[in-house]
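Single-letter residue listing:
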Amino acid sequence: MAFDGRLLSGISALAAVVEAGSFVRAADSLGLTQSGVSRAVARLEARLGVRLFDRTPRAITLTEEGRRFYDGVMPHLTGIEERAAEASGGATAVRGRLRVNADAAFGHTVLAPRLAGFMVRHPEIELELVVRDRIGDLVAEGFDIALRFGEPEPSGLNSKLLLETRVLTCAAPDYVARRGRPQHPDDLMTLMNACW
C-alpha cells in the first residue's frame, strides 16, 4: 500500500476520535467539521478495507481491528509529533560544540563575566573557550569563531565589526615624573627600548 497524505490525515482523525470519544469533539479539537472528520475516517476504513468503529446513537467504540490498528500506529504518530516538535524547536534552540578563540584581554574582561548567563540560556552548548594572544590558524585548529581587537588581517575568513571601544593607557604618576608623558603609542616603544 503506497503512502499518501490522506492516509496520515485519516490516522490523525482516527486518533482524535478515540481521544475525544466522539466525532463532534474530535472535529472541535482538529478545527474541522464533524462531516470532515467522518469523511476522513470513512476514507481510512475504505483504504484499509476494515471497519474501525462501531457506531451507535449513544456511543462510539473501536472494533477489534480498529483497536489493533490504533495500538499499532499510535507510537509512530507520537514519534512523528515528537520529531516535528524537535525540528521546530531546533530552529530556535542552540546546541552542539562551539570552539571560540578570544583575545586574552577580551576573553577575561568581556566574555568571562557573561559565560555563566550564556550557559544557563543555552544548556545544550558545549563551549570551549581558548584565550590567547595569537589568532593562529582558525580552520586548521577547528575554531568556529575568533574574537579580536583591531583591524583583521587580510584572509579568506569572514569578519564583522561587533563593537567599537576606546583603549585607555594609564601610567603611574612616578613613571610620568621619571620618563615624561607619551604623546603617541609609538613613544612607549621608544621608552621601552631605551630601558633595555
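Note: the structure precedes this text.
Criteria and thresholds
Residues numbered from 1 in each chain as written. Predicted model: local features only at pLDDT ≥ 70, side-chain atom pairs only at ≥ 80, totals over all residues. Heavy atoms only, no water. Buried < 20%, exposed > 50% of the residue type's maximum accessible area, 1.4 Å probe, protein only. Helix = DSSP H or I, 4+ residues; strand = E, 2+ residues; numbered from the N terminus. Arc of directions from axis to C-beta. Contact = heavy atoms within 4.5 Å. Core = buried A, V, L, I, M, F, W, Y, C linked by side-chain atoms within 4.5 Å. Pairing = 2+ DSSP bridges. Axes fitted to C-alpha atoms, helices over the stretch in contact; angles between N-to-C directions. Phe/Tyr/Trp six-rings, centres within 6.5 Å; stacked < 30°, edge-to-face > 60°. Lys NZ or Arg CZ within 6 Å of the ring centre and 35° of its normal. Polar contact = N/O pair within 3.5 Å; in protein donor to acceptor, adjacent residues only side chain to side chain. Salt bridge = Lys/Arg side-chain N within 4 Å of Asp/Glu carboxyl O.

**Let's talk about helix α2 (residues 23–30)**
Residues spaced three or four apart along an α-helix face the same direction, because each turn holds 3.6 residues. Within α2, burial applies to Phe23, Ala26 and Ala27. All buried residues of α2 project into a common sector of 100° when viewed along the axis, lining one side. Across α2 from its buried face, at more than 90 degrees, point the exposed residues Arg25, Asp28 and Ser29. Taken together, the buried residues of α2 touch α1 (5–20), α3 (34–48), β1 (53–55) and β2 (60–62). Backbone geometry just after α2 places glycine 31 at a positive phi near 75°.

**A look at the nonpolar core**
Leu14, Val17 and Phe53 are the most contacted members of the largest nonpolar core, which totals 23 residues. Put simply, the parts of the chain that give this core at least two residues each are α1, α2, α3, β2 and α4 (64–90). Ranked by the residues each element gives to this core, the list is headed by α1, at seven residues. When near neighbours in sequence (up to four residues on either side) are disregarded, leucine 14 contacts Val41, Leu44, Leu52, Phe53, Leu62, Phe69 and Tyr70. Val100, Ala102, Phe106 and Leu111 belong to the second-largest nonpolar core, a separate cluster that totals five residues.

**What to know about the sheet that holds strand β4 (residues 125–131)**
Strands sit in the order β4-β3-β5 across an open sheet of three strands; the sheet is parallel. Two strands bound the open sheet, and with one partner strand each, they are β4 and β5 (145–147). The mean inter-strand angle of the sheet, taken between neighbouring strand axes irrespective of direction, is 25°. Across seven bridges, strand β3 (residues 96–102) lies against β4 in parallel orientation. The partner of arginine 99 across the bridge, within β4, is glutamate 128. Relative to the sheet, helix α5 (residues 104–111) contacts β3, β4 and β5, its axis offset from that of β4 by approximately 130°.

**Regarding the packing of aromatic side chains**
This structure, assessed with the given rule, holds one aromatic pair. The positively charged end of arginine 99 is found above the aromatic ring belonging to phenylalanine 143, 4.2 Å away from the centroid.

**Describing the pairing of β3**
Here β3 pairs with β5 via three bridges, running parallel. The residue bridging valine 100 from the neighbouring strand is isoleucine 145, located in β5.

**A few points about the environment of proline 113**
Along the polypeptide, proline 113 turns up in the loop between α5 and α6 (115–121). Classification of proline 113 by relative accessible area gives exposed; the value is 55%. C-alpha separation for the pair proline 113 and glutamate 19, spaced 94 residues apart in sequence, amounts to 50 Å.

**Some points on the side chain of asparagine 101**
Structurally, asparagine 101 can be placed in strand β3. In this structure asparagine 101 comes out as buried when scored by relative accessible area, which is 0%. Not counting chain neighbours up to four residues away, the residues in contact with asparagine 101 comprise Val130, Arg132, Arg134, Ile135, Leu138, Phe143, Ile145, Ala146, Leu147 and Arg148.

**Some details on the side chain of aspartate 103**
Inspection of the secondary structure assignment puts aspartate 103 in the loop between β3 and α5. From its side chain, aspartate 103 meets the backbone nitrogen of alanine 105 in a polar contact 3.0 Å long.

**Here we look at the pattern of salt bridges**
Within this structure, the stated rule accounts for 10 salt bridges. Across the salt bridge formed by arginine 99 and glutamate 128, the nearest N and O atoms sit 3.0 Å from each other. Pair noted here: arginine 99 is in strand β3 and glutamate 128 is in strand β4, with a separation of 29 residues, a long-range link. Taking the shortest distance from any N to any O, the salt bridge between arginine 148 and aspartate 103 comes out at 3.9 Å. Here the residue arginine 148 occupies a position in the loop between β5 and α7 (173–179), and aspartate 103 occupies one in the loop between β3 and α5, the gap between them amounting to 45 residues. We classify aspartate 103 as buried; its relative accessible area is 14%. When salt bridges that share partners are traced, they join Arg97, Arg99 and Glu128 into one network.

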